[in-house]
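Chain by chain, the residues:
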Amino acid sequence: MRYSINDTGLENSYPDTGWVTFEFTLGLMISSYRGFPLYFENQKNRIWNHSQQQTLHGKNIAIVGNGRIGKKFRHLQTIFPYSRFDRFSKTGSEGSRKVSVFYNNIEQYDVIVVLIPSNSETKNMFNKDIFRRIKDRALFINMSYGDVVNTEDLIEELNKNRFFAALDQVEPTPLPKEHPLWDCPNLILTPHVASNAR
């Protein structure tokens, strides 16, 4: 069996893209925290090196966005009973808290997952003011449209080698081959494929 290398497009997507996007996001969380990119690189270079990585167990996790995907994160509480999952939304409704609460407590979160719509209010919402407050060794994941993240600000912070990131959507898209984001450390980059599964 081989992984598919062809762009089959979204016409073959799983009927409920919310679930497969949730699944993909969880995969990014585990892959980044457990050091999969490092082990893939070691495998490529035939390096057998034991190393200790992080665990999601007992971590504080912020889900910014409480739509059909964000709500699915409540199911993780049974899998990770000692972790805390806080969901945030503009209105603070349906079991979520207001985004203003997230702004006031950014430093306490080990994982931040972004699942918000793209509009005039959210453009560049995640910028240097937030990135500078993310705790060391934390993980930032963007599953929203790329323009909710200020790419230049993120590049600047990632190059400080202080926290991790995983991005399924970026700005600009497609990402030019010469773009500096490709070379950032501690980054998993995927080409908007979270909802494309069958």
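A brief report on the enclosed structure follows.

## Here we look at the sheet that holds strand 3 (residues 97-98)
By definition, the strands of a sheet pair up through backbone hydrogen bonds, in either a parallel or an antiparallel sense.
Here comes step 1: Taken together, the seven strands give an open sheet; going across it, the order is 3-2-1-4-5-6-7, and neighbouring strands pair in parallel fashion. The open sheet has two edge strands, strand 3 and strand 7 (187-189), and neither has a second partner.
Here comes step 2: Alignment of strand 4 (residues 111-114) against strand 5 (residues 139-142), held across four bridges, turns out to be parallel. The residue of strand 5 that forms the bridge with Val114 is Asn142.
Here comes step 3: Strands in contact with helix 1 (residues 17-33) are strand 1 (60-64), strand 4, strand 5, strand 6 (164-167) and strand 7; relative to strand 5, the strand with the most contacts, it is inclined by about 150°.

## Concerning the side chain of Asp86
Here comes step 1: Locating Asp86 in the fold gives a position in strand 2 (residues 84-89).
Here comes step 2: In this structure the side chain of Asp86 is engaged in a polar contact, spanning 3.5 Å, whose partner is the side chain of Arg97.
Here comes step 3: Setting aside anything within four residues of it in sequence, one finds Asp86 in contact with Ile61, Ala62, Ile63, Arg97 and Tyr109.

## Some details on the pairing of strand 6
Here comes step 1: Neither face of strand 6 is exposed, since Phe164 and Ala166 on one face and Ala165 and Leu167 on the opposite face are all buried.
Here comes step 2: With helix 6 (residues 151-158) bridging strand 5 and its parallel neighbour strand 6, the resulting β-α-β unit is right-handed.
Here comes step 3: Examined bridge by bridge, strand 6 and strand 7 share three bridges and lie parallel to one another. Residue pairing for strand 7: Leu167 is matched across the bridge by Leu189.

## Looking at the environment of Ile106
Here comes step 1: For Ile106, the location among the structural elements is in the loop between helix 4 (99-104) and strand 4.
Here comes step 2: Note: C-alpha distance between Ile106 and Leu175 (69 residues apart in sequence) is 28 Å.
Here comes step 3: Setting aside chain neighbours within four positions, we find Ile106 in contact with Ile112, Ile130, Arg133 and Ile134.

## Quick notes on the pattern of salt bridges
Here comes step 1: With the rule as written, the count across this model stands at eleven salt bridges.
Here comes step 2: Among the ionic pairs, Lys135 bridges to Asp110, the shortest N-O distance being 3.0 Å. Within this pair, whereas Lys135 is found in the loop between helix 5 (128-131) and strand 5, its partner Asp110 is found in the loop between helix 4 and strand 4, the two being separated by 25 residues in sequence.
Here comes step 3: In this structure, Lys160 engages Glu157 in a salt bridge whose closest nitrogen and oxygen atoms are separated by 2.8 Å.
Here comes step 4: Its relative accessible area of 46% is what places Lys160 among the partly exposed residues.

Parameters at a glance
Every chain's residues receive numbers from 1 upward, in the order its sequence appears when written. The predicted origin of the model limits local features to residues at a pLDDT of at least 70 and limits the giving and counting of side-chain atom pairs to 80 or more, whereas totals for whole chains, interfaces and linings rest on all residues. Side-chain metrics rest on all non-hydrogen atoms present in the structure, leaving aside hydrogens and water. Only strands that DSSP links by at least two bridges are regarded as paired with each other. In DSSP terms, a helix is any run of H or I states spanning at least four residues, a strand is any run of E spanning at least two, and both are numbered starting from the N terminus. We call two residues contacting when some pair of their heavy atoms lies within 4.5 Å. Angular values range over 0 to 180 degrees, each being the angle between N-to-C directions of two axes fitted as lines to C-alpha atoms, with helices fitted over their stretch in contact. Here a polar contact is recorded for every N or O atom pair within 3.5 Å, except that within protein the pair must consist of a potential hydrogen donor and a potential acceptor, and residues adjacent in sequence are included only if both atoms are side-chain atoms. Exposure classes here rest on a 1.4 Å probe applied to the protein chains alone. A residue is buried below 20% of its type maximum, exposed above 50%, and partly exposed in between. Place the viewer so that the strands point away; then a crossover is right-handed whenever the path from the first strand over the helix to the second strand goes clockwise. For salt bridges, the criterion is a side-chain nitrogen of Lys or Arg within 4 Å of an Asp or Glu carboxyl oxygen.

Bear in mind that shape data such as this cannot, by itself, settle questions of function.
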